[in-house]
Amino acid sequence: MTSFHEEEILGKAYDKRLARRLLGYLYPYRRVVLLSVFFLLVVSALQLAGPYLTKVAIDRYIRTGNIQGLNGIALLFLGVLLAQFCFAFAQTYLMNWTGQKIMYDLRVQIFTHIQKLHVGYFDRNPVGRIITRVTTDVDVLNELFTSGVISIFGDIFTLAGIVLIMLWLNWKLALVSFSVIPVLFVASIIFKVKVRDSYRWVRTCVAKMNAFLQENITGMSVVQIFVQEKRKFQQFDERNREHLDANLQSIFYYAVFYPAVNLIGALAIALILWYGGVQVLAGVLTLGSLVAFIQYSERFYKPISDLSEKFNILQTAMASSERIFRLLDTQPAISPPLHPVRLKSLKGKIEFRNVSFAYKEDTPVLRNISFSVAPGEKVAIVGATGSGKSTLINLLCRFYDVQSGEVRIDDTPVTHLDLDQLRQSISIVLQDVFLFSGTIEENIRLWERPIERKQVEDASRWVHADHFVQRLASGYDERVAERGSSLSVGQRQLLAFARALAHDPKILVLDEATSSVDTETELLIQDALEKLMKGRTAVVIAHRLSTIQNCDRILVLHRGQLIEQGSHQDLLKLRGVYYKLFQLQYRDQLASPRLFAPDLRASVGNPG
Amino acid sequence: MFIKSWLINSRTRHLLTLVPFLKKYRTQITIGIFMVLATNIAAMVAPWVLKRAVDHLYHEISRELLLYYSALVVCASAVEGFFRFQMRRILIGVSRYLEYDLRNHLFAHLQRLTPRFYQQYSTGDILSRASNDLSAVRMVLGPGIMYSVNTVFTTIFTITLLLSISWKLTFLTLLPLFAVTYCVKYFGRSIHQRFESIQRQLGSITTLTQENVSGIRVVKAYNQENAFIERFKQANQDFMHRSLSLVRIWGLFYPLLTLLLGVSAASLLWYGGRQVVQGSITLGDLVAFMSYLAMLTWPTIALGWVINIFERGSASMGRINELLDHQPEVLEGGSKETLARLKGDINIRNLSFSYNGFPVLRNVDLQARAGETIAIVGSTGSGKTTLVNLLCRLYPVERGTIFIDGIDINDIPLSILRKNIGYVPQDTFLFSETVAENIAFGKPESSRLDVENAAHISNIWPEIQHFPRKFETFVGERGITLSGGQKQRIAISRALLVDSPILILDDALSSVDTYTEEQILRKLSGELKNRTALLISHRVSTVKMADQIIVLQEGRVVERGTHDELLSAGGFYADLYQKQLLREELGVE
Ligand SMILES: Nc1ncnc2c1ncn2[C@@H]1O[C@H](COP(=O)(O)OP(=O)(O)OP(=O)(O)O)[C@@H](O)[C@H]1O
Ligand SMILES: Nc1ncnc2c1ncn2[C@@H]1O[C@H](COP(=O)(O)OP(=O)(O)OP(=O)(O)O)[C@@H](O)[C@H]1O
Ligand SMILES: [Mg+2]
Ligand SMILES: [Mg+2]
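Scoring rules and cut-offs
Residues numbered from 1 in each chain as written. Chains lettered and ligands numbered in written order. Predicted model: local features only at pLDDT ≥ 70, side-chain atom pairs only at ≥ 80, totals over all residues. Heavy atoms only, no water. Helix = DSSP H or I, 4+ residues; strand = E, 2+ residues; numbered from the N terminus. Rg over C-alpha atoms; globule rule 2.2 N^0.38 Å. Buried < 20%, exposed > 50% of the residue type's maximum accessible area, 1.4 Å probe, protein only. Contact = heavy atoms within 4.5 Å. Areas by Shrake-Rupley, 256 points an atom, 1.4 Å probe, with all protein chains shown as cover. Lys, Arg positive; Asp, Glu negative; His and termini not counted. Charge placed at Lys NZ, Arg CZ, Asp CG, Glu CD. Donors = N, O, S within 2.8 Å, 3.2 Å for Na, K, Ca; no water. Near = heavy atom within 4 Å. Polar contact = N/O pair within 3.5 Å; in protein donor to acceptor, adjacent residues only side chain to side chain. Nonpolar A, V, L, I, M, F, W, Y, C, P; charged D, E, K, R; others polar. Pairing = 2+ DSSP bridges. Axes fitted to C-alpha atoms, helices over the stretch in contact; angles between N-to-C directions. Domains from an automatic or database assignment. Buried area = accessible area lost by both parts, 1.4 Å probe. Salt bridge = Lys/Arg side-chain N within 4 Å of Asp/Glu carboxyl O. Phe/Tyr/Trp six-rings, centres within 6.5 Å; stacked < 30°, edge-to-face > 60°.

1. Here's the deal with the overall build of chain A
Piece 1. For chain A, the count of helices and strands is 20 helices and 12 strands.
Piece 2. Over its C-alpha atoms chain A spans a radius of gyration of 36 Å, topping by over 25% the 25 Å that the globule rule assigns to 608 residues.
Piece 3. Each principal axis of the C-alpha atoms in chain A carries an extent, and together these give about 125 × 55 × 55 Å.
Piece 4. A burial count over chain A gives 59% of its 608 residues as buried.
Piece 5. For chain A, contacts bridging at least 24 residues in sequence account for 77% of all contacts bridging at least 6.
Piece 6. With the model as given, the accessible surface of chain A reaches about 25,300 Å², and the carbon-plus-sulfur share is 58%.
Piece 7. Where the 68 positive side-chain charges of chain A centre and where its 57 negative ones centre are 5 Å apart.

Right, here's the structure in full:
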């Protein structure tokens, strides 16, 4: 059984495409990159100047005892050093600047893309995993751009130069020393494949661990209450251990690879020494050339083992970019329409036409639902838990798209409606209240629309939240902890309610908006709503029938089907499901002393 | 030496936390350090052999000898390779083991911290410390140690060689390098500070992402996408500026070291050249000296590296220590001789509690005999949840205020206390596991039959039968793929399954329809007979059958008694009853 946190196994290597796509991110900064490469070359050239100046100093001045000349050349040396210093700094800065820019671009791109993804994506992907994409994975790419790519250019440049010089010096000897290259080639390929696999494994482990941590930190008190610390620790340990194993494996490959390259290099040198030595003995080759050859081939293998060091970065980057691109390539299942309809003024008519819907193929949740709500009407939805009430609302705001049928607002299918306008006109109090960590005021007004402090305060007054807000040390500027955990659950719900009202919606949707609020406050809110809701459409979901009695119409949902609708009185007359629900709530009260409702039995015994 | 003073300065002090962890791997680290030494020595052999061979070639040399030298080069390299392999495998390996230990240690520590801590630090921030900062610390343990040892060896070795030629020249050439001390001090501090501020900002980015993704439904419902993108851009811009300010320092550091080294070489050329001209040293000496000096290049660069790694690592370690330094507020406590199973007599005496100076409970008294059902009602924010949280010791409880079976709960070991309480928290949290695993959360070893029984009581069983994979259905993060009422009922089953003498239901039926509520209450009443139950609800219908009803108002118990008693007393409860009743009545007109 693969767990929810398991990363999907990724497809076969397509390095080239990845690399090309990655390089694309360099493109906007190509000038800076080129400049930086140029500086790098300058620095390398200046580095070579040192030995040359030394040689000149010795040959021309020290040997001849020319102190004046020596002074001059020492000064020149200093000058070269200073230039080198400046160029090196400029190069590093430019490259890092580019790296940071790219990182910024990528992060913003990923984040923006996440905002476009539909809600269903987040049902399947743990928060921790998405966070890993945005933070760690991008960071790895930054390293590629700042320390990897550029110096690879440098390395390749050096390699090519050395090959040419060696061929030019003595092509036979050069070929002899290159004879080990196939071995090197094979070794690198094996290494590449192995390291790639193990890096993928490492990245998977990191994401898994982060997802696990994320979940366990948020649910820590549940773990503590149920005394499951040991078990959860063990599960964490398992993930941690796997991460360790994955890393140890890649360490092994690296530990083998470096010495292997060195050994191959030594082999080449030994070949040169032996073959070249024989030629020297035969008088075909000068000793000087042999020494030069040896030095060049030493320099030849140095960049190669450097390259393999870079490989480390490259591999990590590839593994990360694969996952990032996979996220970026995820098409949002719900996308804004190509030619969005923007209604001039949205009246607030809602219509469901033969809507059927399933979250997962084979388990239908809503079946052939049709109803309509006139502008300004207040409609209640009741039904047993799990009957699909919240799902209806999810469809109304287009969190998901229907499989068949149509949801319409003001006679326009929601799929054609401008998504922004749709969501701007609807305010929802979701069943699962979510507060952001920020101030109370921010939580009510949010960040998008210019909502005045006064509106915020009014909205809280309507829902009777201002009473408790005022008692907080900094009132509306008090910061709430993550998810509002420093407030009582009822208080959180009131804030979510205030948020909905402050956004002045055309359509107000309340999904169990007062389920955790005490009766007195609930009543007060209802009275306030009575006035506030003039001219607005409202859809109210509630289990307490008392909460919905002011509604114009009641829809009864049963196992995903709309089985009854009508006014409270109509439905009582019908003696169907609603009637039973009502009786039940009511019989409860009959069983207790009827101190305040002596005539209740009479009025209910004869419904309608 | 400066390295020493640098090591024990206040910034790197954070790294001392690692010492106990390092001790465990003493042997490996010692061996690893020897491997570094061996690698360094072996690395000298091949060049030496080559030099010999070339010297021989000047004169006459036999082909056999040439072959012998060639073979020697390969052998030396093989030996070096072996040591290098061991060095990397051992030292980097140890760093991974240490990372593993440290991460486990951190997690175990997090498990002991109370909700107060989690309200102070956001999840994203903690995550960032546990991943990004931990890897910076890992760098210290692996490459950091490896390169510093390497640097020390090469430096000592090279300086010895230099001294063997001329101590005057040595002194002269090393003079500019003393400036390195100053650089290291200055740069070290800057790197540390700037890196810390970068990590802090990375934490903010993580937090922002975490908030955005967890609240994605609200974000979408209220069209907040663009606002979040703006905030995210801003946070990242800030991050970029902080990073670049580090680059300005760090980018200067390397070239500066190279420059200093170059100045050494230049002054050697200048001064040494004069000496050659004056005849105090030979040209050969000067050339040898120069080539030895070149050997210092690598350690100098490595020094830059090492300091960078150490400074970053210690900044990060400081951030991790900040978490580790939070002492758990609620300690295990208690003597082990307490009975494993409590009876369930609850006695709360004059309990007061405040969050950060904000009083929430005032002089609460409550008595519940084993088996009784106590209901708690009260308006929003009156302190009901706080009261039951204290009973589970989620927050520290003052001595002499809460007793179970006559024992102060501070004297009951925490795990035993909590094992004796089944708790349905007000905001449901489920794990992204299967339905069965969630129900069996408190007792993972329970049989399927027990799980199904618990599911029956909360009336979720029939619905589970409709799920695609029944009890093996995954519920998604926080139970996202379930309806509100389904989540709540799974949480009820989860609490029932632990079969504890005390059961707390905090508004546990708020998202359940009346019909289901009625059925659950009926089934529960059987379960509640032999348990002490604390029932929090806003509904009279849920609480009226309780043996005792407590009314909390602003943290005070304002009424207590049975349903009937309270009704005739005509206070808050009677008012509540009337309100709930009157509305039903209105509906029937
Ligand atoms: N994101 C989802 N993915 C898969 N299945 C889901 C998802 N959300 C809900 N479901 C399933 O769809 C059905 C209807 O759920 P819905 O949330 O609409 O119920 P509800 O009527 O709002 O119930 P409640 O009163 O308990 O809130 C349930 O069986 C639930 O398990
Ligand atoms: N972690 C916290 N930090 C600071 N204040 C808190 C914290 N938790 C709760 N409070 C405050 O303490 C008071 C009591 O909260 P509590 O959660 O106990 O209320 P409650 O009676 O359970 O309310 P509800 O019916 O809404 O669940 C509230 O005013 C709340 O704002
Ligand atoms: Mg729902
Ligand atoms: Mg509460």
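Past the structure itself, the notes keep going.
2. Things to note about the coordination of the magnesium ion (ligand 3)
Residue and element names in this part refer to chain A.
Piece 1. Note on the magnesium ion (ligand 3): its protein donors are S390 (OG) and Q431 (OE1). The metal-donor distances range over 1.9 to 2.1 Å. In this pair, S390 is assigned in helix α11 (residues 389–396) and Q431 in the loop between β6 (426–429) and β7 (438–439), connecting sequence segments 41 residues apart.
Piece 2. For S390, a relative accessible area of 23% corresponds to the partly exposed category.

3. With respect to the site of ligand 2
Piece 1. Neighbouring ligand 2 are 20 residues; S488 and Q491 of chain A together with Q119, T385 and T386 of chain B lie closest to it.
Piece 2. Residue neighbours of ligand 2 fall on chains A and B, so the site bridges chains.
Piece 3. Here an oxygen atom of ligand 2 and a backbone polar atom of G383 of chain B are 2.8 Å apart.
Piece 4. Q426 of chain B places a polar side-chain atom, nitrogen or oxygen, 2.8 Å from an oxygen atom of ligand 2.
Piece 5. Expressed as a share of its isolated accessible area of 630 Å², the protein-covered part of ligand 2 is 93%.
Piece 6. Split by residue class, the shell around ligand 2 holds five nonpolar, 14 polar and one charged.

4. Quick look at the sheet that holds strand β4 (residues 404–409) of chain A
All names here are of chain A.
Piece 1. Spatially, four strands are ordered β2-β1-β4-β5 in an open sheet, and the strand pairing comes out antiparallel. Sheet topology places β2 (363–373) and β5 (412–413) at the edges, where each strand pairs with a single neighbour.
Piece 2. Strand direction decides the pairing type here: β4 and β5, joined by two bridges, are antiparallel. Among the inter-strand pairings, R408 is bridged to a residue of β5, identified as P413.
Piece 3. Against the sheet, α11 touches β1 (350–360), β2 and β4, its axis set at about 110° to β1.

5. Some points on the sheet that holds strand β3 (residues 373–378) of chain B
All names here are of chain B.
Piece 1. Strand order in the open sheet made by the six strands is β6-β7-β8-β3-β9-β10, with mixed pairing throughout. Each edge of the sheet is formed by a strand with only one pairing partner; in this case those strands are β6 (421–424) and β10 (556–561). The average angle at which neighbouring strand axes cross in this sheet is 15°, direction not considered.
Piece 2. As paired strands, strand β7 (residues 502–506) and strand β8 (residues 532–536) are joined by five bridges and run parallel to one another. Looking at the pairing, L503 lines up with A533 of β8.

6. Some remarks on the domain arrangement of chain B
Residues and elements named next belong to chain B.
Piece 1. Taken domain by domain, chain B consists of domain 1 (21–179 + 253–324) and domain 2 (346–586).
Piece 2. The straight-line distance from the C-alpha centre of domain 1 to that of domain 2 is 62 Å.
Piece 3. Counting residues at the interface gives four residues for domain 1 and four residues for domain 2.
Piece 4. By the criterion of area lost to domain 2, the three top residues of domain 1 are T114, P115 and R116, representing 89% of everything that side buries.
Piece 5. Our count for the domain 1 to domain 2 interface comes out at zero salt bridges.
Piece 6. The interface formed by domain 1 and domain 2 holds two residue pairs in polar contact (both at pLDDT 80 or more) in total.

7. Description of the interface of chain B and chain A
Piece 1. On the chain A side, the residues contacting the 175 residues of chain B number 181 residues.
Piece 2. Interface area, chain B with chain A, both sides summed: about 16,800 Å², of which 66% is carbon and sulfur.
Piece 3. Along the contact surface separating chain B from chain A lie six salt bridges.
Piece 4. A salt bridge links R423 of chain A to E225 of chain B; the nearest nitrogen and oxygen atoms lie 3.9 Å apart.
Piece 5. Viewed at the interface, chain A and chain B are joined by 45 residue pairs in polar contact (both at pLDDT 80 or more).
Piece 6. Per-element accounting of the side of chain B that touches chain A gives the leading share, 32 residues, to helix α9 (residues 225–278) of chain B.
Piece 7. Looking at the side of chain B that touches chain A residue by residue, the class counts come to 80 nonpolar, 52 polar and 43 charged.

8. Focus: the packing of aromatic side chains
Piece 1. One pass over the structure, following the stated rule, counts 36 aromatic pairs over all chains.
Piece 2. Note on F252 of chain A and Y253 of chain A: the rings are 5.8 Å apart at their centroids and 70° apart in plane angle, and the pair reads as edge-to-face.
Piece 3. The interplanar angle of 10° and the centroid separation of 4.8 Å between the aromatic rings of F431 of chain B and F441 of chain B together place this pair among those described as stacked. With F431 of chain B in the loop between β6 and α14 (435–439) and F441 of chain B in the loop between α14 and α15 (448–457), this pair connects stretches of sequence that are 10 residues apart. Comparing F431 of chain B with F441 of chain B, the two get one shared label, buried.

9. A few points about the pairing of β1 of chain A
All names here are of chain A.
Piece 1. In terms of strand pairing, β1 meets β2 through seven bridges, oriented antiparallel. For A358, the partnering residue across the bridge sits in β2 and is P364.
Piece 2. Where β1 folds back on β2, the antiparallel hairpin that results is connected by two residues.
Piece 3. Of the pairings in the sheet, the one linking β1 to β4 comprises five bridges and is antiparallel in character. Note on β4: the bridge partner recorded for I350 is I409.

10. Regarding the site of ligand 1
Piece 1. The immediate surroundings of ligand 1 are formed by 21 residues, with K389, S390 and T391 of chain A together with S483 and G485 of chain B found nearest.
Piece 2. The environment around ligand 1 is built from residues contributed by chains A and B.
Piece 3. Mapped by element, the contributors of at least two residues to the shell around ligand 1 are α11 of chain A together with α17 (484–497) of chain B.
Piece 4. Of the residues that constitute the shell around ligand 1, the class distribution is six nonpolar, 13 polar and two charged.

11. Examining the side chain of R203 of chain A
All names here are of chain A.
Piece 1. Tracing the backbone shows R203 in helix α7 (residues 181–218).
Piece 2. On the accessibility criterion, R203 (7% relative accessible area) is buried.
Piece 3. A polar side-chain atom of R203 sits 2.9 Å from a polar atom in the side chain of D137.
Piece 4. Beyond its immediate sequence surroundings of up to four residues, R203 is in contact with T132, T136, D137, V140, T316, A319, S320 and R323.

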